[in-house]
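Chain by chain, the residues run as shown.
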2 protein chains.
Amino acid sequence: MAYSAFNPPVRTLMGPGPSDVHPRILAAMSRPTIGHLDPAFVAMMEETKGLLQYAFQTENALTMPISAPGSAGMECCFANLVEPGDTVIVCQNGVFGGRMKENVERCGGTPVMVEDTWGEAVDPDKLEAALKAHPQASLVAFVHAETSTGAQSDARALVELAHRHDCLTIVDAVTSLGGTPVKVDEWAIDAIYSGSQKCLSCTPGLSPVSFSERALEKVRNRSHKVQSWFLDLNLVMGYWGGGAKRAYHHTAPVNALYALHEALRILHEEGLESAWERHRHHHLALKAGLEAMGLRFIVDQAHRLPQLNAVSIPGGVDDAQVRARLLGDYNLEIGAGLGALAGKVWRIGQMGHASRAENILLCVAALEAVLSDSGADIHTGVALAATQQALGA
Amino acid sequence: MAYSAFNPPVRTLMGPGPSDVHPRILAAMSRPTIGHLDPAFVAMMEETKGLLQYAFQTENALTMPISAPGSAGMECCFANLVEPGDTVIVCQNGVFGGRMKENVERCGGTPVMVEDTWGEAVDPDKLEAALKAHPQASLVAFVHAETSTGAQSDARALVELAHRHDCLTIVDAVTSLGGTPVKVDEWAIDAIYSGSQKCLSCTPGLSPVSFSERALEKVRNRSHKVQSWFLDLNLVMGYWGGGAKRAYHHTAPVNALYALHEALRILHEEGLESAWERHRHHHLALKAGLEAMGLRFIVDQAHRLPQLNAVSIPGGVDDAQVRARLLGDYNLEIGAGLGALAGKVWRIGQMGHASRAENILLCVAALEAVLSDSGADIHTGVALAATQQALGA
């Protein structure tokens with residue numbers, strides 16, 4: 001069998017991630033590989049830590065990328081902070097809260113679930129009730145920005161409640177980091193993880209994490225070893241926290257880290273506030289176009305993530321066919337629904353480098369073309385003007 | 001603080017990995033990112049599986065890369081195949097056998113250690129004695145090619161012994177795959193893992209694994225859930241094994257997989273037998289030069305890995321200073337000793353794309369220059385001729 005070189009089609013990535021990757025990041029990624037203990041590499045790692053501290057708005061010393069995707073970042077938080085027998089309150093309002101529950105169980109903990117309707121924010125009152133009902137709980141976990149629904153929860157309020165009941169917190173910021181405010185120190189988050197491929201617009205494969213001193217204290221004083229050798233922070237810190245004297249733990253994904261360094265540089269150049277404002281502005285333009293067509297958002301405006309827009313699929317429309325045509329005819333990727341929302345919603349991302357005026361226009365125009373062509377009951381001929389007007393506002 | 005673009009120095013990588021990455025692989029890695037469920041991507045994943053089956057010499061359906069470095073590939077094998085209470089025989093003849101022991105313990109298993117001197121091959125007689133003494137053992141794990149010493153063990157014989165005593169096998173082929181024969185089906189290996197950054201000469205960050213049907217049977221019939229959600233093969237298979245209908249598990253490291261695909265294409269073009277022969281040939285040339293200088297290998301020729309050459313550091317020589325000068329003056333990276341061998345040996349890799357005549361010459365010439373300059377007691381003026389002669393042979 002002969003194998004040809006893989007030349008991927010050039011897509012516009014407006015699904016739930018990966019998002020469009022800036023050419024500067026792809027160029028950085030293809031620079032020559034050097035050793036993971038090379039002094040030049042170590043200096044770059046130190047800069048990456050500083051840049052991540054900026055992105056997370058924290059001075060936490062343990063702020064670094066895990067050498068694996070966001071799911072491993074999630075597992076790193078749970079594997080290090082949960083001990084067998086611990087009670088962990090998990091707030092679930094979408095797919096990823098369910099994954100948190102899985103993690104608690106696999107670490108030998110007992111999850112207490114606080115359930116909210118998918119598409120809604122986590123209800124602080126329900127969390128408070130759970131904290132009161134389970135005084136033995138030591139940890140509260142929730143998703144700041146649910147990638148499966150596009151709903152955002154009030155992280156500051158939830159963390160405050162958890163702390164009032166002497167619980168540490170694990171926060172999923174996979175989709176929020178870089179697109180909407182995430183303030184680790186101001187909100188007093190104890191452990192947080194994100195992904196490289198969302199609003200950081202980097203290639204997928206890395207998971208930035210940050211742990212407070214209080215969280216690390218718990219990790220250092222565990223009575224059982226962390227069940228994952230690969231994710232044991234006591235070991236990982238010997239490499240990432242070692243300054244010039246680094247201990248070998250695993251071989252770092254050198255080129256992926258070049259890419260992350262460049263992605264974080266781009267975010268730093270733009271400034272967090274400008275990035276948040278850009279996502280907000282383009283969200284409003286996308287919303288204007290989608291709503292002019294007659295599409296409805298499943299999340300209330302108050303809790304809606306600007307960077308991830310979940311809209312109901314109009315009746316009588318073939319979900320898969322529409323996405324296939326967007327991809328086939330316009331090289332545009334949007335996301336399918338996940339879990340309970342599969343077949344019911346589309347998830348339209350405009351994250352990081354994908355959050356550009358030209359992408360918003362393309363998305364609205366292509367969706368209108370494909371939907372009207374497939375006989376969907378939408379308003380035609382009005383969406384583009386609404387989008388353009390909002391873009392100009 | 002201002003952050004500059006990271007422009008790594010151009011090194012020749014002759015340590016224990018990462019090894020030199022072929023420019024074709026770096027170019028592939030920087031191609032535009034597409035979605036991890038894009039049909040074009042899925043087709044590329046299928047090819048990658050086929051190419052990995054070739055590299056591993058197997059028809060195992062579950063042959064794929066784990067989305068994280070080799071340490072995670074190791075953990076994937078143990079987390080899926082060890083259940084709490086299992087007895088696992090671990091053969092240790094270097095650092096990585098020790099890491100296997102850690103993995104067994106963290107999975108709730110009981111390790112039975114079979115110890116061999118570092119630098120020697122695993123002794124099949126000792127394994128047999130352990131199998132007889134521990135008839136309850138269900139698993140045997142060993143390192144085919146010890147990256148910490150450069151010793152190679154007889155994988156076929158060890159697997160045969162394990163099977164005779166009804167044990168499954170986990171084999172570490174991180175440093176062997178692509179550089180020296182690894183024949184998964186012929187040797188009847190049950191579970192094997194490798195790394196992308198050694199003789200495959202790809203960027204670091206991925207861990208190819210392969211599981212036999214017999215091993216998968218055990219994974220499917222576990223009585224406890226796999227303790228890692230991220231590495232649970234029952235879930236990972238829904239994505240990698242799903243054919244056209246793939247279930248989302250985690251976001252695949254898209255660009256890293258472009259790189260692996262290209263690295264495997266290069267190996268396939270050259271052919272495994274030619275790659276093995278190339279490593280052997282260049283090893284003999286390197287050996288000729290190093291021995292002419294008076295350096296001594298720590299592993300007997302019979303068990304010596306051609307791609308990883310551990311030599312004793314001559315007396316009175318400052319280990320770190322020599323490596324720093326090789327790096328600073330000649331952009332040449334060689335590896336330090338690990339664990340019990342730290343400060344005692346250098347590990348000189350010539351793996352994958354780094355196994356080229358020009359690198360062998362450079363390494364011998366640079367080492368002679370730096371060693372003679374630092375007053376080491378070596379023979380000078382003879383190494384290059386010996387190397388050249390062996391290269392021409």
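Since we're looking at a predicted model, the values are computed, not measured.

The rules behind the values
- Residues numbered from 1 in each chain as written.
- Chains lettered and ligands numbered in written order.
- Predicted model: local features only at pLDDT ≥ 70, side-chain atom pairs only at ≥ 80, totals over all residues.
- Heavy atoms only, no water.
- Phe/Tyr/Trp six-rings, centres within 6.5 Å; stacked < 30°, edge-to-face > 60°.
- Helix = DSSP H or I, 4+ residues; strand = E, 2+ residues; numbered from the N terminus.
- Lys NZ or Arg CZ within 6 Å of the ring centre and 35° of its normal.
- Salt bridge = Lys/Arg side-chain N within 4 Å of Asp/Glu carboxyl O.
- Buried < 20%, exposed > 50% of the residue type's maximum accessible area, 1.4 Å probe, protein only.
- UniProt positions renumbered as here; feature names shortened; annotations may be inferred.
- Pairing = 2+ DSSP bridges.
- Axes fitted to C-alpha atoms, helices over the stretch in contact; angles between N-to-C directions.
- Contact = heavy atoms within 4.5 Å.
- Least-squares fit on C-alpha atoms with pLDDT ≥ 70 in both.
- Buried area = accessible area lost by both parts, 1.4 Å probe.
- Polar contact = N/O pair within 3.5 Å; in protein donor to acceptor, adjacent residues only side chain to side chain.
- Nonpolar A, V, L, I, M, F, W, Y, C, P; charged D, E, K, R; others polar.
- Expected span 1.5 Å × (residues − 1).
- Parallel < 35°, antiparallel > 145°, perpendicular 65-115°, else oblique.
- Left-handed = near helix turned anticlockwise from the far one by under 90°.
- Domains from an automatic or database assignment.

A. Up close: the packing of aromatic side chains. Per the counting criterion, the structure on display carries six aromatic pairs over all chains. With a centroid separation of 6.3 Å and 65° between ring planes, the pair formed by phenylalanine 96 of chain A and tyrosine 248 of chain B is classed as edge-to-face. With phenylalanine 96 of chain A in helix 4 (residues 95-106) and tyrosine 248 of chain B in the loop between helix 9 (233-240) and helix 10 (254-270), the pair connects residues from two separate chains. Lying over the aromatic face of phenylalanine 297 of chain A, arginine 304 of chain A brings its terminal NZ or CZ to 4.0 Å of the ring centre.

B. Layout of the pattern of salt bridges. Residues and elements named next belong to chain B. In the structure shown here, the tally under the stated rule is 50 salt bridges over all chains. Close ionic contact of glutamate 46 with lysine 49 constitutes a salt bridge, the shortest N to O distance being 3.4 Å. With glutamate 46 and lysine 49 both in helix 2 (residues 39-56), this residue pair falls three residues apart, about one helical turn. Overall, the relative accessible area of 11% leaves lysine 49 in the buried class.

C. Molecular detail of the UniProt feature "binding site: substrate" (unreviewed entry) in chain A. Residues and elements named next belong to chain A. Under the local residue numbering, the UniProt record ascribes the feature "binding site: substrate" (unreviewed entry) to Arg347. Tracing the chain through its elements places arginine 347 in strand 13 (residues 345-349). According to the relative accessible area criterion, arginine 347 is buried, its value standing at 6%.

D. Focus on the sheet that holds strand 13 of chain A. All names here are of chain A. Strand order in this open sheet of four strands is 1-12-13-11, and the pairing throughout is mixed. Lying at the two open borders of the sheet, with one neighbouring strand each, are strand 1 (12-14) and strand 11 (308-312). Adjacent strand axes in the sheet meet at a mean angle of 30° when their direction is disregarded. Most of the contacts of helix 12 (residues 319-330) go to strand 12 (residues 332-336), to which it runs at about 160°, and overall it touches strand 12 and strand 13.

E. Quick look at the relation of the copies chain A and chain B. Expressed as a screw operation, the relation of chain A to chain B combines 0.0 Å of axial shift with a rotation of 180°, fitting to an RMSD of 0.0 Å. In short, the pair behaves as if placed about a two-fold rotation axis.

F. Representation of the interface of chain A and chain B within the structure. Taken together, the 71 residues of chain A in the interface contact 71 residues of chain B. When the buried surface of chain A facing chain B is broken down by residue, Tyr3, Phe6 and Arg106 of chain A rank first, second and third, together holding 14% of it. Taken together, the connections running from chain A to chain B amount to six salt bridges. Where aspartate 232 of chain B meets arginine 106 of chain A, a salt bridge forms, and the shortest distance between an N and an O atom there is 2.9 Å. Taken together, the connections running from chain A to chain B amount to 23 residue pairs in polar contact (both at pLDDT 80 or more). Of all the elements in the fold, those that place two or more residues in the side of chain A that touches chain B are helix 1 (23-29), helix 2 (39-56), helix 3 (70-81), helix 4 and helix 10 (254-270) of chain A. Taken together, the residues of the side of chain A that touches chain B sort by class into 35 nonpolar, 22 polar and 14 charged.

G. Quick look at helix 11 (residues 272-293) of chain A. All names here are of chain A. End to end, helix 11 covers 32 Å across 22 residues, agreeing with the expected 32 Å (1.5 Å per residue, within 8%). Along helix 11, the residues classified as buried are Leu272, Ala275, Trp276, His279, His282, His283, Ala285, Leu286, Lys287, Gly289, Leu290 and Met293. Against the buried residues of helix 11 lie helix 2, helix 10, strand 11, strand 13, helix 13 (357-373) and helix 14 (383-392). At the C-terminal side of helix 11, glycine 294 shows a positive phi close to 105°.

H. Spotlight on the environment of serine 223 of chain B. Residues and elements named next belong to chain B. Its place among the elements puts serine 223 in the loop between helix 8 (213-220) and helix 9. Residue classification places serine 223 among the exposed positions, given a relative accessible area of 66%. Sequence separation between serine 223 and proline 84 is 139 residues, and the spatial gap between their C-alpha atoms is 9.4 Å.

I. Seen up close, the packing of helix 3 (residues 70-81) of chain B against helix 4 (residues 95-106) of chain B. All names here are of chain B. Where helix 3 contacts helix 4, the two axes come as close as 10 Å, and the packing angle between them is 45°. Taken together, the axes of helix 3 and helix 4 lie oblique to each other. Considering only the axes of helix 3 and helix 4, their crossing is right-handed. Contact residues: Ser71, Met74, Glu75 and Phe78 in helix 3; Phe96, Arg99, Met100, Asn103 and Val104 in helix 4. Residues that form the contact of helix 3 with helix 4 fall into these classes: five nonpolar, two polar and two charged.

J. Examining the domain arrangement of chain A more closely. Residue and element names in this part refer to chain A. According to the domain assignment, chain A contains domain 1 (22-268) and domain 2 (272-392). For domain 1 versus domain 2, the distance between C-alpha centres works out to 29 Å. Facing 30 residues of domain 1, the contacting portion of domain 2 comprises 22 residues. Here domain 1 and domain 2 share an interface that buries about 2100 Å² over both sides, 66% of which is from carbon and sulfur atoms. On the domain 1 side of the interface with domain 2, the three residues burying the most area are Trp118, Gly150 and Gly179, jointly 19% of the side's total. Linking domain 1 with domain 2 are zero salt bridges, by the criterion used here. Summed over the shared surface of domain 1 and domain 2, the result is seven residue pairs in polar contact (both at pLDDT 80 or more). Mapped onto the side of domain 1 that touches domain 2, the elements with two or more residues apiece are helix 2, helix 4, strand 6 (145-146) and strand 7 (151-152). In the side of domain 1 that touches domain 2, the residues fall into 13 nonpolar, 14 polar and three charged.

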